[in-house]
Amino acid sequence: MKFKLPDHVYLAMERLNGAGYGCFAVGGCVRDILRGVPPHDWDLCTSARPEQVKTVFRDRKTIDIGMAHGTVAVIFPAGTLEITTYRIDGGYTDSRHPDQVTFTPELREDLARRDFTVNAMAYHPNTGLVDPFGGQEDLKRGMIRCVGEPERRFGEDALRILRAVRFSSVLGFRLEERTATAVHEMCGNLSRISAERIREELTKMLLGGGIREVLELYSDVLAAVIPEIAPCIGFEQHNIHHCYDIWGHIIECVAHSAPDPVIRWTMLLHDIGKPDTFTVKEGVGHFYGHEKHSAELAQVILKRLKFDTRTAERIVTLIRSHMLLTEPKGKAVKRRLNQLGPEVFLQLLDVMRADTLGLAPAYHDRVEKIDRLESIARRVIEERQCFSLRDLAVDGNDLFALGLRGREIGDTLRRLLDDVIGGRCGNTKEELLKRLF
Ligand code: ATP
Ligand code: MG
């Protein structure tokens, strides 16, 4: 088996080999070349100690990423390579950080500390593939399997539980039975993992092609990291629009949405406030005001997961707005474009489309209305039609020159914009100023 490696990867390997050290491509990049996907980065492992790696590459810029854990980054014009010394991880007392790491001259020992068989393979052009745990076989079968005993490996590092589910989603693989059992039994340990790491794993998971299956099979894992999800699971909606329980609806919405982080997070959380707002009238279930309550809960969740403010605000806005009705007419669309801004409104239409596809199939044709809203909005934007104060042919200075002051100016501009959007006045300075008298 021979693979084409990028030149700088060869170069780095040859350098280390020339200095008498072993060096292999390892982990995700090997997994990806074997499944025919171009790796997004290349990680190398080596028998050289971090200091020795730096000496070998003394003519290049290097960055000490984690000297204690053995990682040095070496900068090449074509990209940065992370080079990590073969290591054995010591005991874990906190389910996250190895208490100490020991460097080892043995590649096999380094592969043994890695999480899953498909991630525990190494490659060198002369040696070929090094695969002591059956990674290639599992790759063919589409299976995520822990290296060693799953209970022990998840006990050492609980993040691996979430990584297992993430890889299942991203690669579209199943979890091997014992690995799956341990995931279910041990997902309570995820409480020890930092918010940032959970957020990163969840985002990657949400973007994966296998997300529907993962959310169906591992709802307990999701509820372990976002407890607000638990009441949604199995919550019947008692409403003809819905053929799924709340969680089932959420799953359909996520699976039908564009693979974009903001949209997928929005769909995951858009109905999270439904259980608290449930009422029944004449046998029919209602969730009045759930969008507002979902937005409030989402705000708390996103803050807890340490999302940056901008992203969190955007997701919360989309959730709060997801029930807004807009008539598929130019005027109504322009009012929304003015209220939300073009970017948010177009995202909101994506959200609404996914939300519609999460309804019972009889209601899926409602996406046609959303498609119509989108084509109207795109035309308004493309033709630079007037929908905001910025587009108006008069501004505050014009009104000031006419003697208007303070709040009067803003109120008048808004009234004129409303006249233009409503078709009562053309958007020219002359017509607008004439309207004032
Ligand atoms: P991605 O495509 O997301 O980068 P990856 O497999 O490269 O996937 P990384 O998080 O970049 O994943 O980690 C690189 C390698 O390090 C993994 O392939 C795996 O061998 C090992 N690894 C990473 N995190 C862990 C962990 N928590 N426990 C054990 N091994 C790990
Ligand atoms: Mg990687």
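The model shown is predicted, which means the values in this text are computed figures rather than measured ones.

A. Summary view of the nonpolar core. Counting residues in each nonpolar core, the largest one holds 106 residues, and the members touching the most others are Leu202 and Trp265. Among the nonpolar cores identified, the runner-up in size contains 13 residues, and Cys386, Leu413, Leu416 and Leu417 belong to it.

B. Highlighting the pairing of strand 4 (residues 71-76). In terms of burial, strand 4 is a largely internal element, five of the six residues being buried. Looking at chain direction, strand 3 (residues 62-66) and strand 4 are connected through four bridges and run antiparallel. Following the sheet pairing, Gly66 is matched in strand 4 by Thr71. Between strand 3 and strand 4, which pair antiparallel in sequence order, lie four residues; one of them, Gly70, sits at a positive phi of approximately 90°. Taken together, the six bridges between strand 4 and strand 5 (residues 79-85) define a ladder with antiparallel strand orientation. Bridge pairing in strand 5 links Ile75 to Thr80.

C. Structural view of the packing of helix 17 (residues 330-340) against helix 19 (residues 367-382). Running from N to C, helix 17 and helix 19 cross one another at 70°; their axes reach a closest spacing of 10 Å. Comparing their axes, helix 19 and helix 17 come out roughly perpendicular. In this structure, helix 17 contributes Gly330, Val333, Lys334 and Leu337 to the contact, and helix 19 contributes Leu373, Ile376, Ala377, Val380 and Ile381. Classifying every residue of the contact of helix 17 with helix 19 gives seven nonpolar, one polar and one charged.

D. Here's a closer look at the site of ligand 1. In the vicinity of ligand 1 lie 14 residues, with Arg31, His40, Asp157, Arg160 and Arg166 positioned nearest. In this structure, Asp157 approaches ligand 1 through a side-chain N or O atom, which is 2.8 Å from a nitrogen atom. A distance of 2.7 Å separates a nitrogen atom of ligand 1 from a polar atom in the side chain of Arg160. Across the complex, the protein chains shield 80% of the 590 Å² of accessible surface that ligand 1 would expose by itself. The set of elements that each furnish at least two residues to the shell around ligand 1 consists of helix 2 (28-34) and helix 7 (159-171). The element that contributes the greatest number of residues to the shell around ligand 1 is helix 7, accounting for four residues.

E. Local environment of the side chain of Asn119. Within the secondary structure layout, Asn119 lies in the loop between helix 4 (107-112) and strand 8 (122-124). Within the local environment of Asn119, its side chain forms a polar contact with the side chain of Arg31, the two groups lying 2.7 Å apart. Residues within four places of Asn119 in sequence aside, it is in contact with Gly27, Arg31, Arg114, Arg163 and Phe167.

F. Just the pattern of salt bridges, in detail. Summed over the entire model, instances satisfying the criterion amount to 35 salt bridges. Among the salt bridges present, the one from Arg113 reaches Asp110, with a minimum N-O distance of 3.2 Å. Arg113 sits in the buried class, given a relative accessible area of 16%. By relative accessible area, which is 0% here, Asp110 ends up buried.

G. View of the sheet that holds strand 1 (residues 23-26). The strand order across the open sheet built from seven strands is 3-4-5-2-1-8-9, with neighbouring strands paired in mixed fashion. Edge positions in the sheet fall to strand 3 and strand 9 (128-130), since each of these pairs with one other strand and no more. The sheet shows a mean angle of 30° between the axes of neighbouring strands, taken without regard to direction. Sheet analysis places strand 1 next to strand 8, joined by two bridges and oriented antiparallel. Residue pairing in the sheet places Ala25 in a bridge with Tyr123 of strand 8.

Cut-offs and rules
- Residues numbered from 1 in each chain as written.
- Chains lettered and ligands numbered in written order.
- Predicted model: local features only at pLDDT ≥ 70, side-chain atom pairs only at ≥ 80, totals over all residues.
- Heavy atoms only, no water.
- Core = buried A, V, L, I, M, F, W, Y, C linked by side-chain atoms within 4.5 Å.
- Buried < 20%, exposed > 50% of the residue type's maximum accessible area, 1.4 Å probe, protein only.
- Helix = DSSP H or I, 4+ residues; strand = E, 2+ residues; numbered from the N terminus.
- Pairing = 2+ DSSP bridges.
- Axes fitted to C-alpha atoms, helices over the stretch in contact; angles between N-to-C directions.
- Parallel < 35°, antiparallel > 145°, perpendicular 65-115°, else oblique.
- Contact = heavy atoms within 4.5 Å.
- Nonpolar A, V, L, I, M, F, W, Y, C, P; charged D, E, K, R; others polar.
- Near = heavy atom within 4 Å.
- Polar contact = N/O pair within 3.5 Å; in protein donor to acceptor, adjacent residues only side chain to side chain.
- Areas by Shrake-Rupley, 256 points an atom, 1.4 Å probe, with all protein chains shown as cover.
- Salt bridge = Lys/Arg side-chain N within 4 Å of Asp/Glu carboxyl O.

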